[in-house]
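# Structure at a glance
Listed below, chain by chain, are the residues.
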Amino acid sequence: MDDSKPLNKAFSKVDLDGHNLPPSPAPSSPSNGRRRYALATELVYTETKDQYGASSIPVYQSATFKQTSSKGGDEYDYTRSGNPTRTHLERHMAKIMNANRALAVGSGMGALDVITRLLRPGDEVITGDDLYGGTNRLLTYLSSNQGIIVHHVDTTDVERVREVVSDKTAMVLLETPTNPLIKIVDIPSIAKAVHDANNKALVIVDNTMLSPMLCNPLELGADIVYESGTKYLSGHHDIMAGVIACNDTSLGDKMYFTINATGCGLSPNDSFLLMRGVKTLAIRMEKQQANAQVLAEFLESHGFRVRYPGLKSHPQYDLHWSMARGAGAVLSFETGDVALSERIVEAAKLYGISVSFGCVNSLISMPCRMSHASIDAKTRKERQMPEDIIRLCVGIEDVHDLVDDLSRALVQAGAVTITLDGFHAVGATAQDGSTSSSNDTSSEPTLS
Ligand SMILES: Cc1ncc(COP(=O)(O)O)c(C=O)c1O
Ligand SMILES: N[C@@H](CCSC[C@H](N)C(=O)O)C(=O)O
């Protein structure tokens, strides 16, 4: 049977590859999806066609939908193919991300999986040398098992990308700021260089670290943007989710095909929770990044090497602010000593020792042991990931409490020397170049 032909009302649409597309979800349309108000307003403003005028989209907790005729083909038939709660979320996200189409799936990695299924064996992918560990793991799997050639280059340097881009390049995958080294990648320059060299190559941006509140990669030249909805979009660490957005409707159809074929669409309940979470994104992000700025300045002023794009000392400060509307709420700092970093992390009380970020609660972690442990030690060394690096993911708590708790943890861990003038980092990476060893516990202050 030729299954590429529309069979009946239920499969009236095929995508460019001839795949049958089920009837739902109806793609978000630019006409009903375009932003009209400031982002903070659009985040909370929604329109629904709910039969009772519910102001919050109901959870359509149903696997199947009764059809009005034996031909099927009503707007919804089966939740794997489409669900009204998910569609409502997807249309809202398309509006927020300034895209023609948004798709909601079960996690950020699920989103990258859907995107990379656009690849064919022999295709080449260019990506960074400082990447979230899970992204690195999926790309390594694709290169070992699926015949995809992956080039890891320093994407902070456009020339390094230009050197490897070719007619075999199918995707260029970027993160900015990178996780966890907080390096900045020039999306517009890379997108132009890649599209000039190969107009079929897709530029993909993982926007998890900034969220649509602070950056719109589609407006900077990206073809597809995705985010882990587990982070800022939902904001409470109570769901796993991923969102993909693009402006090319045929790409949207292809990715929707994969979502329906593999069954990774976001569940109705998680769609509801993500929809509820995203409404407070602006206010959360504003508070989180204000707190992060205070903590970054606090650590830097006490002699720690801090990586945060809100600090003028960040080597790519101007580049970051040319693309983004804020610095985000993830920063990392070094102590010069792994054991010392461990003591700081374990001494903190307000900051949960946890992977992830973007939550209302503040978190502290050691990326090389936790979020990025799936990158082997040799590769971490080659990529110059400091083993002692500590990542702070800042929440919405009272900033004085956050500073107090971090100060106490630094003192308790022996990370600072206390003088009459205050306290100062003892680690080898202190910004003033001092090399005093943190292993010299004779100089450790004691907690009063
Ligand atoms: C930058 C970045 N992208 C993608 C992901 C994957 O998201 P998820 O955990 O929702 O699969 C993460 C973290 O997990 C991340 O930090
Ligand atoms: N054990 C998990 C680690 C998830 S890390 C989550 C987040 N992206 C972060 O950077 O903290 C795994 O192996 O994926």
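In the block above lies the structure referred to throughout.
Residues numbered from 1 in each chain as written. Chains lettered and ligands numbered in written order. Predicted model: local features only at pLDDT ≥ 70, side-chain atom pairs only at ≥ 80, totals over all residues. Heavy atoms only, no water.

Within a regular beta strand, the side chains point alternately toward one face of the sheet and then the other, so they alternate between its two faces. Across the five residues that make up strand β8 (residues 224-228), a large majority, five, are buried. Judged by which residues are buried, β8 turns out to be covered on both faces: Ile224, Tyr226 and Ser228 on one side and Val225 and Glu227 on the other are all buried. As defined by bridge partners, β8 adjoins strand β9 (residues 242-246) across five bridges and the pair is classed as antiparallel. Bridged to Glu227 within β9 is Val243. (Buried < 20%, exposed > 50% of the residue type's maximum accessible area, 1.4 Å probe, protein only. Helix = DSSP H or I, 4+ residues; strand = E, 2+ residues; numbered from the N terminus. Pairing = 2+ DSSP bridges.)

Our next topic: the pairing of strand β6 (residues 169-175). With seven of seven residues buried, β6 lies mostly within the body of the structure. Pairing analysis gives four bridges linking strand β4 (residues 124-127) to β6, with the strands arranged parallel. Residue pairing across strands places Glu124 opposite Thr169, the latter belonging to β6. Relative to strand β7 (residues 202-206), β6 runs parallel, the two being bridged by five bridges. When the bridges of β7 are listed, Met171 appears paired with Leu202.

To continue, consider the site of ligand 2. The environment of ligand 2 is made up of Tyr132, Arg137, Asn179, Lys231, Val355, Ser356, Ser371 and Arg391. Contacts to ligand 2 include Asn179, whose side-chain N or O atom sits 3.1 Å from an oxygen atom. Within the backbone of Ser356, a nitrogen or oxygen atom sits 2.5 Å from an oxygen atom of ligand 2. Counted by class, the shell around ligand 2 contains two nonpolar, three polar and three charged residues. (Near = heavy atom within 4 Å. Polar contact = N/O pair within 3.5 Å; in protein donor to acceptor, adjacent residues only side chain to side chain. Nonpolar A, V, L, I, M, F, W, Y, C, P; charged D, E, K, R; others polar.)

With that settled, the discussion passes to unusual backbone geometry. Look at the link from Thr176 to Pro177: it is a cis peptide, with omega at -15 degrees. Look at the link from Asn179 to Pro180: it is a cis peptide, with omega at 15 degrees. One can find Pro180 in the loop between β6 and α7 (187-197). Its identity as a non-glycine residue notwithstanding, Ile182 has a phi of 55 degrees, on the positive side. Secondary-structure assignment places Ile182 in the loop between β6 and α7. Its relative accessible area of 2% is what places Ile182 among the buried residues. Non-glycine residue His237 carries a positive phi angle of around 50 degrees. By the secondary structure assignment, His237 is in the loop between β8 and β9.

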